[in-house]
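One-letter residues, chain by chain:
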Amino acid sequence: DSVASRGLGDVYKRQSLMRSMGAQARVGAWEYIVKADKMYWSEMTRKIFKVADDFTPSYENNNQFYHTRDSRLRINKAIKEAMEDGVPFSEEIKIRAANGRETWVHITGQAEFHDQSCIRVYGSVQDIDSRRKVRDELIDAKEKAEAAVHAKSEFLAVMSHEIRTPMNGVLGMLNLLENSPLNKDQERKINVAKTSAQSLLNLSLIHISEPTRRYAI
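Predicted model, so just to flag it, every value in this text is computed and none were measured.

1. Describing the nonpolar core
Counting 24 residues, the largest nonpolar core has W41, F49, Y66, F89 and I107 as the members making the most contacts within it. When residues of this core are traced back to their parent elements, those giving at least two are β1 (27-33), β2 (38-41), α2 (43-49), α3 (69-85), β3 (89-96), β4 (102-114) and β5 (117-127). Here this core gets four residues from one element, more than from any other, and that element is α3.

Rendered as structure tokens:
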């Protein structure tokens, strides 16, 4: 009896530990019994969906939480394929909880068969709202940074063109002046002007954006 008691105590401890871990990670369980047409939610699943204590989940009313057409199609398709073909699924879907709050969840599921017939589908549901929002914010920030770098590159390309076009005209005129009769002082000034114009013409402003692009990536 003492051995049995210790074994039972170990089972309770493991169950308590699993509940504690599930609560910390905000992971709940769900199960659908096909023949009985009954659906069961764990305590954490009920908390994630923000349902009342007297709420009875079912295959039909489950759809109310998947408020967009895309989310309903995805979850129903996943469950259908699991029940018919035994395909396990793992989906990140935005739900609308019973209190009206939209929340990102990660839902997994797999089917159990007996005599080639699905007898139940079960899995987990995890609240990933905070993680998903952080990821979306990072993606948004990255896209904005890349757009800013692109805009700067476009601006520099236009500026480069705007500088090169008139500078070619200036160099052409300086070359004509150089071939005309000039005194030493005039030749020196023409040479300084040509050297400065050529240096500016050779400057590719597009290269200025390269360090910015590397840091942005």
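Read on, since the account is not over.
2. Here we look at empty space enclosed by the protein
Unfilled space is identified by rolling a water-sized probe across the atoms. Across all of its chains, the model carries two cavities of 30 Å³ or more by this definition. In this structure, the largest cavity occupies an estimated 100 Å³ of space. What lines the largest cavity is simply W30, M39, W41, T45, F49, N62, Y66, I75, I79, I107 and V125. Mapped onto the lining of the largest cavity, the elements with two or more residues apiece are β2, α2 and α3. Lining the second largest cavity are M39, Y59, N62, N63, I75, N76 and I79. For the lining of the second largest cavity, the leading source of residues is α3, giving three residues. Classifying every residue of the lining of the second largest cavity by side-chain character gives four nonpolar, three polar and no charged.

Parameters at a glance
Residues numbered from 1 in each chain as written. Predicted model: local features only at pLDDT ≥ 70, side-chain atom pairs only at ≥ 80, totals over all residues. Heavy atoms only, no water. Core = buried A, V, L, I, M, F, W, Y, C linked by side-chain atoms within 4.5 Å. Buried < 20%, exposed > 50% of the residue type's maximum accessible area, 1.4 Å probe, protein only. Helix = DSSP H or I, 4+ residues; strand = E, 2+ residues; numbered from the N terminus. 1 Å grid on protein atoms, 1.4 Å probe; cavity = no way out; pocket = protein on both sides within 12 Å on 5 of 7 lines; lining within 4 Å. Points joined across faces, edges and corners; volume = space filled by probe spheres on them. Nonpolar A, V, L, I, M, F, W, Y, C, P; charged D, E, K, R; others polar.

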